[in-house]
Amino acid sequence: MKILVINGPNINMLGIREPAIYGKQSYKDLVKFIKDSAKARGLKAVLFQSNSESAIVTKIQKAFNRFDGIVINPAAYTHTSVAILDALKAAAVPAVEVHISKVSEREAFRQVSYAGMYCFQTFAGFGFEGYAKAMDALIEKLK
Ligand code: DQA
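Each chain carries its own residue numbering, running from 1 in the direction its sequence is written. Totals for whole chains, interfaces and linings use every residue, but because this is a predicted model, local features are given only for residues with pLDDT of at least 70 and side-chain atom pairs only at 80 or more, for both listing and counting. To obtain the side-chain values, all non-hydrogen atoms of the structure were used and water was disregarded.

(A) Focus on the packing of helix α3 (residues 53-62) against helix α4 (residues 82-91). At a closest axis distance of 8 Å, the pairing of α3 and α4 adopts a crossing angle of 10 degrees. Regarding the angle of α3 to α4, the classification is roughly parallel. Note on element contacts: α4 touches α3 through Ala83, Ile84, Ala87, Leu88 and Ala91, opposite Glu53, Ile56, Val57 and Ile60. For the contact of α3 with α4, the class distribution of residues is eight nonpolar, no polar and one charged. Axes here refer to lines fitted to C-alpha atoms; in helices the fit is confined to the stretch in contact. Angles between the N-to-C directions go from 0 to 180 degrees. Going along the chain from the N terminus, every DSSP run of H or I of four or more residues is numbered as a helix, and every run of E of two or more is numbered as a strand. If an angle is under 35 degrees, it is roughly parallel; if it is over 145, roughly antiparallel; if it lies from 65 to 115, roughly perpendicular; otherwise it is oblique. Contacts: residue pairs with any heavy atoms within 4.5 Å of one another. All amino acids are sorted into three groups, where Ala, Val, Leu, Ile, Met, Phe, Trp, Tyr, Cys and Pro are nonpolar, Asp, Glu, Lys and Arg are charged, and the leftover types, Gly among them, are polar.

(B) Layout of helix α5 (residues 129-142). When the terminal C-alpha atoms of α5 are compared, their 20 Å separation across 14 residues agrees well with the 20 Å that a helix rising 1.5 Å per residue should span. The set of residues buried in α5 consists of Gly130, Tyr131, Ala132, Ala134, Met135, Ala137 and Leu138. Buried positions along α5 lie against β1 (2-7), α2 (27-40), β3 (69-73), β4 (95-99) and β5 (121-124). One fewer than the residue count of a helix, multiplied by 1.5 Å, yields its expected span. Per-residue accessibility, obtained with a 1.4 Å probe over protein chains only, is compared with the maximum for each type, and a residue is labelled buried under 20%, exposed over 50%, and partly exposed between these values.

(C) Quick look at unusual backbone geometry. The backbone of glutamate 18 sits at a positive phi, close to 25 degrees, despite the residue not being glycine. The topology assignment puts glutamate 18 in the loop between β1 and α1 (19-22). The residue alanine 75 is not glycine, and still its phi comes out positive at about 50 degrees. Within the secondary structure layout, alanine 75 lies in the loop between β3 and α4.

Below, the structure is given as structure tokens:
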């Protein structure tokens, strides 16, 4: 099973950005966590991080027929991007949404998730562990 793990804007700033919300671990630590979690589950994971909405849309489009599942943390684009929602619908690859923080307990503007309207499940507030939970959800969905 081959999965694409997408992280959106400012996720590359983990460890530096708002550590009280996102923790002290870096994006490099997250990459290691995701790779180790995928390996432990026998998954082939391709990782992609971008600060650009356009690059994320293109990456999702290219996942069509190439990946069995997508794990996506669209970061701030979660709350604004109809383009990412449409790309997910177009590629039609089963997808799970992840957020490091518990967005439901944060600002009003974070309460809408466009990507979440496509994703069959969301894990928010579990820190890095949410990515592993998303992998398990994809494995369960695809078996
Ligand atoms: C986030 C939550 C978003 O609201 C925020 O814009 C992010 C990160 C999270 O992982 O908790 O950049 O997606």
